[in-house]
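# Fold and geometry: a report
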Amino acid sequence: RNMTNAKVNSEGEEEASGMRNETLGESGHSGEVKKGQVILVAYLIAALDLTFLFMQMGIMPYLAKSLGLDSVGFGYLQTTFGVLQLMGGYIFGRFADQFGARAALTLSCASGSVLFLLMSISTSIPLLFLSRLPGVFMHGIPGAQKVITDMTSPSQRADALGKLGLCFGIGIITGSALGGVLSTKFGIYVPTYVALVGSLINTLIAVVWIPLQTKPKLNQHVTEKSNLFSIREILRLMKFPGVMEVFIVKVLAGLPIGLFMIMFSIISMDFFGLEAVESGYLMSYFGVLQMVVQGLVVGKLANRFTEMMLLRLSVFVFAGVGLGMALMRTVWHYCIIAVPLVFAFSMLATITDSILTKAVPSSDTGAMLGICASVQPLTQAVGPTIGGILYKQFGVSSFGYLQLVVNTGLFVYLLKSKIPLREVKSQ
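Just so you know, these numbers come straight off a predicted model, no measurement behind them.

Moving on: the overall build of the protein. Helix and strand counts for the protein stand at 20 helices and zero strands. A total of 427 residues make up the protein; the buried ones form 54% of that total. Here the analysis covers contacts within the protein between residues at least 6 apart in sequence; of these, 84% occur between residues at least 24 apart. When the accessible area of the protein is evaluated, it comes to approximately 19000 Å², of which 68% is carbon and sulfur surface.

For the rest of this paragraph, the subject is the packing of helix α8 (residues 154–162) against helix α9 (residues 164–186). Two elements in contact, α8 and α9, have axes separated by 4 Å at closest approach and are oriented at 10°. Relative to α9, the element α8 lies roughly parallel. Packed against α8, whose contacting residues are Ala160, Leu161 and Gly162, the element α9 presents Leu164, Gly165 and Leu166 at the interface. Tallied by class, the residues present in the contact of α8 with α9 amount to four nonpolar, two polar and no charged.

A word on the confidence of the model for the protein. Mean pLDDT over the protein: 82, with 86% of residues reaching 70 or higher. The low-confidence segment residues 216–225 (pLDDT under 50) makes 17 contacts with residues lying over four places distant or belonging to another chain. This stretch, residues 423–427, has a pLDDT under 50; its non-local contacts, to residues over four places away or in other chains, come to 10 contacts.

Let us now look at the environment of Gln290. Following the sequence through the fold, Gln290 ends up in helix α15 (residues 276–304). C-alpha of Gln290 to C-alpha of Ile172: the two residues are 118 residues apart in sequence and 9.3 Å apart in space. If sequence neighbours within four positions are ignored, Gln290 has contacts with Gly165, Phe168, Gly169, Gly295, Val342 and Ser346.

A surface patch of nonpolar side chains, about 420 Å² in accessible area, is lined by Leu204, Val207, Val208 and Trp209. For Val207, the location among the structural elements is in helix α10 (residues 190–209).

Membership of the largest hydrophobic core comes to 62 residues, with the highest contact counts inside it found for Phe260, Tyr334 and Phe399. Counting residues in each nonpolar core, the second largest holds 46 residues, with Met60, Val147, Ala160 and Val190 among its members.

Now for helix α19 (residues 375–394). Over its 20 residues, α19 runs only 25 Å from end to end, short of the ideal 28 Å by more than 12%, given 1.5 Å per residue. The largest bend along α19 reaches roughly 55° and is located at Gly383, with the proline Pro384 sitting one to four residues downstream. Residues Val375, Pro377, Thr379, Gln380, Ala381, Gly383, Gly387, Gly388, Leu390 and Tyr391 constitute the buried set of α19. Where α19 terminates, the next one or two residues include Gly395, which has phi positive at roughly 85°.

Right, let's get into empty space enclosed by the protein. The final tally for this structure, using the stated rule, is one cavity of 30 Å³ or more. Volume-wise, the largest cavity comes out at about 30 Å³. Forming the walls of the largest cavity are Asp49, Phe52, Leu53, Ser108, Cys109, Gly112, Phe116 and Ser199. At the level of elements, α3 (28–66) and α5 (101–120) are the ones that each hand at least two residues to the lining of the largest cavity.

Now for the environment of Ile188. By secondary structure assignment, the location of Ile188 is in the loop between α9 and α10. Judged by its relative accessible area of 23%, Ile188 is partly exposed. Each C-alpha atom of the pair Ile188 and Ser66 lies 9.2 Å from the other, and the pair is 122 residues apart in sequence. Each residue touching Ile188, except ones within four places of it in the same chain, is listed here: Ile59, Tyr62, Leu63 and Ser183.

A few words on the packing of aromatic side chains. Inspection of the entire model under this criterion finds 11 aromatic pairs. Aromatic side chains Phe260 and Phe399 sit 5.8 Å apart centroid to centroid with 75° between the ring planes, which places their arrangement in the edge-to-face category. Taken as a pair, Phe260 in helix α13 (residues 243–262) and Phe399 in helix α20 (residues 397–416) lie far apart in primary sequence, 139 residues in all.

This part takes up the side chain of Thr352. Assignment of secondary structure puts Thr352 in helix α17 (residues 331–359). Of note is the side chain of Thr352, whose polar atom sits 2.9 Å from the side chain of Lys250. A polar contact is formed between the side chain of Thr352 and the backbone oxygen of Ala349, at a distance of 3.2 Å. Excluding residues within four positions of it along the chain, Thr352 makes contact with Val246, Lys250 and Leu311.

Here the structure, examined in full by the defined rule, presents eight salt bridges. Notably, a salt bridge pairs Asp364 with Arg236, separated by 3.0 Å at the nearest N-O pair. In this pair, Asp364 is assigned in the loop between α17 and α18 (365–373) and Arg236 in helix α12 (residues 231–238), connecting sequence segments 128 residues apart. Among the ionic contacts, a cluster of salt bridges with common partners joins Arg94, Glu233, Arg236 and Asp364.

In this model, α17 (29 residues) spans 41 Å end to end at C-alpha, consistent with the 42 Å of a helix rising 1.5 Å per residue. The largest bend in α17 is about 35°, located at Ala338, with the proline Pro340 one to four residues further on. Of all 29 residues in α17, 22 are buried; the element is thus mostly enclosed.

Where α13 contacts α17, the two axes come as close as 10 Å, and the packing angle between them is 155°. One way to sum up the angle between α13 and α17 is to call them roughly antiparallel. In the crossing of α13 with α17, the sense of the turn from one axis to the other is left-handed. Contacts between α13 and α17 pair Val243, Val246, Phe247, Lys250, Ala253, Gly254, Ile257, Phe260 and Met261 from the former with Tyr334, Leu341, Phe345, Leu348, Ala349, Thr352, Asp353, Ile355, Leu356 and Ala359 from the latter.

Parameters at a glance
Residues numbered from 1 in each chain as written. Predicted model: local features only at pLDDT ≥ 70, side-chain atom pairs only at ≥ 80, totals over all residues. Heavy atoms only, no water. Helix = DSSP H or I, 4+ residues; strand = E, 2+ residues; numbered from the N terminus. Buried < 20%, exposed > 50% of the residue type's maximum accessible area, 1.4 Å probe, protein only. Contact = heavy atoms within 4.5 Å. Areas by Shrake-Rupley, 256 points an atom, 1.4 Å probe, with all protein chains shown as cover. Axes fitted to C-alpha atoms, helices over the stretch in contact; angles between N-to-C directions. Parallel < 35°, antiparallel > 145°, perpendicular 65-115°, else oblique. Nonpolar A, V, L, I, M, F, W, Y, C, P; charged D, E, K, R; others polar. pLDDT = per-residue confidence, 0-100. Patch = residues over 30% accessible without salt bridge, like charges linked within 9 Å, V, L, I, M, F, W, Y side chains within 5 Å. Salt bridge = Lys/Arg side-chain N within 4 Å of Asp/Glu carboxyl O. Core = buried A, V, L, I, M, F, W, Y, C linked by side-chain atoms within 4.5 Å. Expected span 1.5 Å × (residues − 1). Bend = angle between axes of the 7 residues up to and from the residue. 1 Å grid on protein atoms, 1.4 Å probe; cavity = no way out; pocket = protein on both sides within 12 Å on 5 of 7 lines; lining within 4 Å. Points joined across faces, edges and corners; volume = space filled by probe spheres on them. Phe/Tyr/Trp six-rings, centres within 6.5 Å; stacked < 30°, edge-to-face > 60°. Polar contact = N/O pair within 3.5 Å; in protein donor to acceptor, adjacent residues only side chain to side chain. Left-handed = near helix turned anticlockwise from the far one by under 90°.

Below, the structure written as structure tokens:
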């Protein structure tokens, strides 16, 4: 066993890739086909998971209102879910490293099933808050990302991760539409019943179609002797070259637009004057843009340019988006701004995830993805408070000016700094 581990460490990524094929019981072309099939299944699981997630997100404000929860209480409900996701993101990633991507995806889907079950019987405000608890382990996208990072070489990773945006677009469009139609025609709780059944099916798909091992257990002694949650392990990962710098850029660049999206339901009603149906159409528009950008644009650019160039580009476009948001006055202005916004958001998320998973050992990719997945819940946890203050005190334009200032500063920083990256160009 020691000789095998030594061989793996000496041969590097090519040896690890070969061992992945052996783990799947395949070699050569058949192994590549098998890996491709597993990645497609991961995309399917992610698309279904996001569909059910957006179904419940769409009906949550109306369900909360029907139970007598006011806007302040709803903000607490959203914050609770964000804090739980923040707490569980890193733990989920460490769980994936120790027990494999299949166990992690199964845990995520099963947690979703419990959440939808509790939502379906939420006839009081305490039960509604209780239904948020399983969200601590609901991390379908990081689970799918773990499968993809295990099954792809570094040169293929950005393209494969970028295609997850198709799943995100499908989830927004189908989830928002299904949630609205089902709740309007059949009752507010019907979407939760559908999501419960679908999530159980998703769990079965993960168990049956995702291999028990998607990568060799490199550095197994590290993960076996570590707890699932360890501050020391987080600090260890942050000390790898370039990790801390890229992670800070990832957090700060997306924070202003994250605050805006947290407040979007209120902004769409008060500032744009949209009805619930029109807001649903706008979300579907975002979903289509997401599918086009990540399905057709991100992968091609990742194959042509270095990741540092694309990181600078996304931050630069974000700064321009901030200026547009500061000047916008109508929903049509926002629809125009949405094009570069979705591009910058998708590019930033994909490229930073790719850079960070390449910067750490393959035995720590799950933990790194878990840390990356905690960025959005962190915004969701602090967003209602900070976003509410910005909106009430300074108006919608404040989000745009904040976006402009922060990303202009980050762009200057990226131009002057020399962040060490593992650049691997596509073959």
